[in-house]
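This is what each chain is made of:
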Amino acid sequence: MQAYEFINNLIPPLKLSDKTGKALSWMEEIRINNLPVVDNGVFVGLVNGDLIFDLNNPETLISELTLENSGCWVFADQHIYDVLRVSSEHHSNLVAILDRNSTYLGVVTMEDSISAFAESLSIQSHGSVMILSMNMNEYSLAEISRIIESENGKVLSSFISTDPLDNNKIKLTLKIDKPELRHIKATLERFGYRILDQYQEVEEASSEEDRIGNLLRFLDI
């Protein structure tokens with residue numbers, strides 16, 4: 001699931017020589033509040049529709065504006081999770097995609113990346129989410145899965161991230177097919193695993209908002 005696979009070709013880039021009137025027209029047409037700006041194939045940032053609206057001068061050049069999020073990009077061959085991570089870090093709904101020569105290829109939207117990633121991680125499947133903390137040398141998904149299976153559970157998906165409170169540890173996020181985790185949690189703790197948090201699902205996610213919420217809890221971002 002590489003980032004370039006989810007480029008949204010309906011979102012065009014602006015040039016520094018374009019005028020703000022053109023930018024607003026495009027934003028209204030595709031119903032978006034930010035657009036990427038490219039200078040000779042190089043991504044230079046995002047332009048915000050609110051800023052343009054406040055200027056109230058359609059003749060202003062994009063080059064005269066203060067652009068945002070010049071670092072809001074990932075390489076084309078990075079995982080779709082990196083798009084979500086960068087989007088979250090920059091509080092942006094758009095993430096630029098560059099090739100390894102730093103040439104601009106397009107943008108991926110937060111909505112598209114969430115939808116793609118959710119489908120790949122069984123987010124909509126019945127079950128619960130559990131987050132463990134451990135040293136990297138203690139990590140063995142096979143061993144953890146064996147313990148969970150001893151309590152008649154099954155790991156549907158897993159994800160590793162750095163523990164922001166301790167760079168020497170990792171966080172292992174698991175999607176488990178059981179709605180109730182009490183026995184699994186107790187067994188894992190008996191084997192010395194530290195449980196940071198858990199999210200037990202009591203009913204099926206029935207809306208896009210529920211789906212996104214489940215994904216963000218799974219990713220813990």
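Relevant structure appears above.
The rules we used
- Residues numbered from 1 in each chain as written.
- Predicted model: local features only at pLDDT ≥ 70, side-chain atom pairs only at ≥ 80, totals over all residues.
- Heavy atoms only, no water.
- Helix = DSSP H or I, 4+ residues; strand = E, 2+ residues; numbered from the N terminus.
- Buried < 20%, exposed > 50% of the residue type's maximum accessible area, 1.4 Å probe, protein only.
- Contact = heavy atoms within 4.5 Å.
- Pairing = 2+ DSSP bridges.
- Core = buried A, V, L, I, M, F, W, Y, C linked by side-chain atoms within 4.5 Å.

**Student:** Teacher, can you tell me more about the overall build of the protein here?
**Tutor:** For the protein, the helix and strand inventory stands at seven helices and 10 strands. For the protein, with 221 residues in total, the buried portion stands at 42%. Pairs at least 24 residues apart make up 61% of the contacts formed inside the protein by residues separated by at least 6 positions.

**Student:** Got a minute to help me understand the sheet that holds strand S1 (residues 14-15) in this structure?
**Tutor:** Think of a sheet as strands paired side by side through backbone hydrogen bonds, with each pair either parallel or antiparallel. Pairing within the open sheet is mixed, and its three strands lie in the order S1-S2-S3. In the strand order of this sheet, the two ends are held by S1 and strand S3 (42-48), each with one partner. Where strand S2 (residues 34-39) lies against S3, six bridges are found, and the strand directions are antiparallel. For leucine 35, the partnering residue across the bridge sits in S3 and is valine 47.

**Student:** Looking at this model, I keep getting lost on the nonpolar core. Mind explaining?
**Tutor:** Across soluble globular proteins, you tend to see nonpolar side chains buried next to one another. Counting 20 residues, the largest nonpolar core has Leu14, Leu35, Val47, Ile62 and Tyr104 as its most contacted members. Among the secondary structure elements, those contributing two or more residues to this core are helix H1 (20-30), S2, S3, strand S5 (94-98) and strand S6 (104-109). In contact with isoleucine 62, other than residues within four places in its own chain, are Leu14, Lys15, Leu16, Asp18, Lys19, Thr20, Ala23, Val37, Val47 and Leu67. Formed by 15 residues, the second largest nonpolar core is a distinct cluster that contains Met130, Ile147, Leu188 and Ile195.

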